[in-house]
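Chains, contacts and geometry: an overview
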Amino acid sequence: LQAVLRQEQCLFSSAPPQPVPPLSQTLQRYLQALEPLLPPDELAHTRRMVHEFGRPGGLGSQLQQKLEFRAKHTKNWITDWWVQCAYLANREPLAVHSNPAISLPRRDFNDWRSQLKLMSGGKLASEHMRGRPLCMELYPLMFSSCRIPGPKHDSIAHYGTYGRSRRSPTHITVVRNYQFFQLEVYNSDGSRMTESQIHAQLLRIRSQSWKTDKEPMGILTSEHRHTWGAAYNRLLRDKINRASVRAIETGLFSLCLDSPVMRISDEKYASRKAAQVLHGGGTFSNSGNRWFDKTLQFVVGEDGSWGLLYEQATAEGPPVATLLHHILEYCEGPDPKRAPLIPLPMPKKLYFYIDPEIKRDIELAKQNLDILINDLDVNVFNFKRFGKELPKRHKLSPNAFIQVALQLAYYRVHNEVCPSCDIASQRMFKGGRTEYIRSPTKEALTFVLAFDNRSVSKEVKRQLFREAVDAYAALTDLALKGHGIDRHLLGLKLQAIEQGLSIPKMFMDTGYGFATHWKLRTGQVPANTDSVICFGPLVPDGYAICYNPQADHVHFSITAFNCCEETNAETMAMTVKNTLCDLQELLEPTI
Ligand SMILES: *[C@@H]1O[C@H](CO)[C@@H](O)[C@H](O)[C@H]1NC(C)=O
């Protein structure tokens with residue numbers, strides 16, 4: 001594992017800095033992205049503003065110069081701003097709204113014995129993080145880190161080692177029945193514990209955490225960030241609470257041992273499993289086992305459901321998926337070491353002192369989380385008709401294929417195209433994070449309008465489909481070169497703010513606001529496993545659609561809020577399935 005990460009480290013050290021794209025290119029491509037979304041008169045208005053912003057010697061070019069200067073003098077010109085804006089300053093609850101969940105294929109364990117066994121293998125991931133200052137910075141940063149709520153603004157705390165001087169934390173936290181334990185995963189001689197040692201320790205935790213009337217402290221972390229920020233300060237007034245919270249925050253990661261939940265139909269099982277990892281199922285279920293601020297939380301249920309819930313301020317999907325891949329590989333291998341014959345210290349139970357104020361905070365948090373969970377509709381399914389192989393046979397990019405399919409599906413349900421964003425990694429650049437790809441293109445719109453029109457011939461539809469897929473693939477290429485538009489626009493806006501200027505008019509434009517109200521948030525996890533990622537929509541009247549294409553099938557997760565009358569996850573799921581079948585029929589007609 002260390003070797004793999006060292007390779008990544010080399011890749012990283014030679015990674016070039018993230019470029020600032022040329023201003024005129026970004027502005028031109030921004031207008032192109034608005035074309036399929038705005039009516040002509042609004043577009044004309046926006047075009048005038050953009051031209052004014054971008055005229056030679058104008059505000060845009062001044063800000064551009066400053067950005068280029070910033071790029072020369074910082075590791076990455078956008079990452080810090082992005083993390084602040086997208087995460088730390090964002091006040092929405094982390095539960096559902098922000099933290100993505102990765103639901104993994106059900107393991108063959110139907111009882112708690114193997115539930116514990118699995119995680120004693122999983123803990124091995126921590127090994128490579130120990131004491132080694134990897135320069136592929138995101139990997140070590142993911143361990144022993146936690147988001148810290150603030151009344152106005154959050155921060156991230158990293159407790160791992162960077163230099164050789166400081167000792168890294170050597171424990172994880174284990175939560176069961178709302179009770180937190182600090183579990184050392186290294187022996188006193190510095191060697192990591194073996195599977196059987198950890199297993200024995202987890203058994204001890206199990207026997208100490210029979211269901212009681214314990215307060216579900218973890219639910220506090222699911223609150224609106226202002227609310228939790230204030231409650232956090234109240235909680236930390238007490239010394240016992242400070243020590244317990246600190247143990248959770250510094251731990252390598254959290255392990256949530258969830259109780260079994262009610263059996264439901266197989267058809268709904270995948271959805272319930274993903275929701276379980278995402279939010280814990282509610283205050284009467286396992287939500288009290290989460291600490292949503294923690295960067296990495298492994299969730300293992302007694303019924304075989306398991307997965308990973310992560311907080312994105314430290315790392316987004318792509319490095320998390322890579323890490324998970326390493327962990328799964330590692331779990332496959334046998335544990336080579338024999339346990340040293342030394343008695344292990346008892347796992348330390350973390351206590352909380354709950355005064356009436358905190359008690360009230362918990363009650364409010366419970367109510368709010370249950371409202372949020374009841375409002376979220378999660379629909380996970382495995383599309384079995386075909387996978388990546390089909391687009392590949394036709395020399396089409398599989399991801400672009402699915403993106404255009406989603407545009408068509410959305411159009412079929414809502415009779416319009418909507419602002420949608422897909423995510424592209426920027427990790428090929430030093431300190432790079434992510435970029436958006438705005439999926440609706442002019443080509444996609446043309447195709448979508450033609451597809452259900454009987455007077456358009458199949459040949460023409462095929463041609464239009466190919467053009468739409470290729471247009472999307474070209475956008476992806478640009479984004480991967482660091483020439484996306486969204487981070488650049490954000491940079492220009494924040495540069496103006498940093499200089500104390502008023503926000504440029506082009507960002508106050510209704511077109512700008514409309515086109516960044518992401519009604520469709522998508523994400524692909526390119527994983528070799530049958531995992532599925534799941535998160536909530538970015539806006540109240542939107543969807544999040546994630547997918548993981550395998551060779552001959554595709555896993556999908558679709559979420560929407562119940563309180564929004566226009567959206568419906570199940571209708572969208574049905575439409576996506578039908579649309580994919582129709583596209584197969586278009587490319588490979590059976591009659
Ligand atoms: C269907 O396609 C035909 C031929 O391209 C076009 O004339 C017609 O306007 C289209 N109908 C709709 C409803 O878009």
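Before reading further, recall that the structure is shown in the block above.
Residues numbered from 1 in each chain as written. Predicted model: local features only at pLDDT ≥ 70, side-chain atom pairs only at ≥ 80, totals over all residues. Heavy atoms only, no water.

With that settled, the discussion passes to the sheet that holds strand 13 (residues 520-524). If you trace the six strands from one edge of the open sheet to the other, you get 10-16-15-13-11-12, paired in mixed fashion. Each edge of the open sheet carries a strand with a single partner, namely strand 10 (376-383) and strand 12 (434-438). Taken over all neighbouring pairs, the strand axes of this sheet differ in orientation by 20° on average, direction set aside. Across two bridges, the pairing between strand 11 (residues 420-425) and strand 13 is parallel. Opposite Ser420, over in strand 13, you have Leu520 as the bridge partner. (Pairing = 2+ DSSP bridges. Helix = DSSP H or I, 4+ residues; strand = E, 2+ residues; numbered from the N terminus. Axes fitted to C-alpha atoms, helices over the stretch in contact; angles between N-to-C directions.)

All right, on to the sheet that holds strand 4 (residues 171-176) then. Strands sit in the order 9-5-4-6-7-8-1-14 across an open sheet of eight strands; the sheet is mixed. Every other strand in the sheet has two partners, leaving strand 9 (348-350) and strand 14 (532-534) as the edge strands with one partner each. Across this sheet, the average inter-strand angle for adjacent strands is 25°, counted without regard to direction. Of the strand pairs in this sheet, strand 5 (residues 179-184) and strand 9 are connected by three bridges, and their pairing is antiparallel. Each bridged residue has a counterpart across the sheet, and for Phe181 the counterpart in strand 9 is Lys349. Along the sheet, helix 8 (residues 195-208) makes contact with strand 4, strand 5, strand 6 (254-258) and strand 9, crossing strand 5 at roughly 160°. The strands touched by helix 11 (residues 266-279) within the sheet are strand 1 (101-104), strand 6, strand 7 (296-301), strand 8 (306-310) and strand 14, with strand 1 carrying the most contacts at an inclination of about 140°. (Contact = heavy atoms within 4.5 Å.)

Moving on, we come to unusual backbone geometry. With phi around 65°, Val96 is a residue other than glycine that occupies positive phi space. With respect to the helices and strands, Val96 occurs in the loop between helix 5 (79-88) and strand 1. Given a relative accessible area of 0%, Val96 falls into the buried group. In this structure, Lys395 takes a positive phi of about 55° despite not being glycine. Take Lys395: it is sitting in the loop between helix 14 (389-393) and helix 15 (398-414). (Buried < 20%, exposed > 50% of the residue type's maximum accessible area, 1.4 Å probe, protein only.)

To continue, consider the side chain of Arg433. Mapped onto the elements, Arg433 comes out in the loop between strand 11 and strand 12. On the basis of relative accessible area, Arg433 is assigned to the buried category, the value being 8%. At 3.0 Å, the side chain of Arg433 and the backbone oxygen of Ala313 are in polar contact. In this structure the side chain of Arg433 is engaged in a polar contact, spanning 3.5 Å, whose partner is the backbone oxygen of Thr314. (Polar contact = N/O pair within 3.5 Å; in protein donor to acceptor, adjacent residues only side chain to side chain.)

Quick reminder: α-helices carry 3.6 residues per turn. Residues three or four places apart thus point the same way. Listed as buried for helix 9 (residues 225-235) are Arg225, Trp228, Gly229, Ala231, Tyr232, Arg234 and Leu235. Buried residues along helix 9 sit against strand 2 (145-148), helix 10 (239-250) and helix 13 (356-375).

Ranked by size, the top nonpolar core spans 87 residues in total, and within it Phe401, Phe447, Phe465 and Phe556 carry the most contacts. By residue number, the principal contributor to this core is helix 15, which donates ten residues. In contact with Phe447, not counting residues within four places along its chain, are Val404, Leu408, Lys461, Leu464, Phe465, Ala468, Leu583 and Leu586. Core analysis: the next-biggest nonpolar cluster, separate from the first, contains 44 residues, Ala275, Trp291, Ile362 and Val378 among them. (Core = buried A, V, L, I, M, F, W, Y, C linked by side-chain atoms within 4.5 Å.)

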